[in-house]
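A structural walkthrough
Okay, here's what each chain looks like letter by letter:
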Amino acid sequence: STEFKEGMQLMSVLRSAPGLGNYNANFVKEIHEDADALFSSVDADGNGEIDEFELKSHMGRMFATYSEEAIERIFKMLDIDGDGKI
């Protein structure tokens with residue numbers, strides 16, 4: 001999704017960090033690949049967006065200690081434009 005990609009672009013400053021050269025470009029590429037894989041694992045219906053139900057379902061499986069309220073707060077923080085999707 002656009003929001004997710006915008007968030008990942010914030011990490012792109014690593015590309016210009018001094019002294020890291022090509023290693024840095026590879027590192028950023030790996031971060032993007034890992035983030036894409038994580039996003040896909042949460043996006044259960046594969047529509048390119050994560051809704052609150054998908055996040056709750058994923059977090060409930062992976063992190064049983066999170067309350068529903070905590071997951072709702074996390075979703076609201078990630079849903080930057082408030083459209084109910086990440």
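Everything below is about the structure printed above this text.
Calculation notes
Residues numbered from 1 in each chain as written. Predicted model: local features only at pLDDT ≥ 70, side-chain atom pairs only at ≥ 80, totals over all residues. Heavy atoms only, no water. Patch = residues over 30% accessible without salt bridge, like charges linked within 9 Å, V, L, I, M, F, W, Y side chains within 5 Å. Areas by Shrake-Rupley, 256 points an atom, 1.4 Å probe, with all protein chains shown as cover. Salt bridge = Lys/Arg side-chain N within 4 Å of Asp/Glu carboxyl O. Helix = DSSP H or I, 4+ residues; strand = E, 2+ residues; numbered from the N terminus. Core = buried A, V, L, I, M, F, W, Y, C linked by side-chain atoms within 4.5 Å. Buried < 20%, exposed > 50% of the residue type's maximum accessible area, 1.4 Å probe, protein only. Lys, Arg positive; Asp, Glu negative; His and termini not counted. Contact = heavy atoms within 4.5 Å. Polar contact = N/O pair within 3.5 Å; in protein donor to acceptor, adjacent residues only side chain to side chain.

1. Digging into a nonpolar patch on the surface
The grouping of Met-62, Phe-63 and Tyr-66 at the surface amounts to a nonpolar patch, some 320 Å² of accessible area in total. Turning to its location among the elements, Met-62 is positioned in helix H3 (residues 52–62).

2. What about the nonpolar core?
Residues Phe-39, Val-42, Ile-50, Leu-55, Met-59, Ile-71, Ile-74, Phe-75 and Ile-86 constitute the largest nonpolar core, which totals nine residues. Elements supplying a minimum of two residues to this core: helix H2 (21–42), H3 and helix H4 (68–78). Per-element accounting of this core gives the leading share, three residues, to H4.

3. A few points about the side chain of Glu-54
Along the chain, Glu-54 turns up in helix H3. Despite its burial, Glu-54 pairs with no opposite charge; the closest candidate is Arg-61, at 9.3 Å N-O. With near-sequence residues (within four places) excluded, Glu-54 lies in contact with Val-42, Asp-43, Ala-44, Asp-45 and Glu-49.

4. Here we look at the side chain of Asp-79
With respect to the helices and strands, the residue Asp-79 is situated in the segment after H4. Within the buried set, Asp-79 has no salt-bridge partner at all; the shortest N-O distance to an opposite charge, 8.4 Å, is to Lys-85. Among the polar contacts listed, one links the side chain of Asp-79 to the backbone nitrogen of Gly-84, at a separation of 2.8 Å.

5. Structural notes on the pattern of salt bridges
Summed over the entire model, instances satisfying the criterion amount to six salt bridges. Here Lys-29 makes a salt bridge to Glu-33, at a shortest N to O gap of 3.6 Å. In this pair, Lys-29 and Glu-33 are both assigned in helix H2, four residues apart and thus about one turn of the helix distant. On the accessibility criterion, Glu-33 (44% relative accessible area) is partly exposed. The shortest N-O distance in the salt bridge between Glu-68 and Lys-56 comes to 3.2 Å. Residue Glu-68 is located in helix H4, and its partner Lys-56 is located in helix H3; the two are separated by twelve residues in the primary sequence. With relative accessibility at 22%, the residue Lys-56 sits in the partly exposed group.

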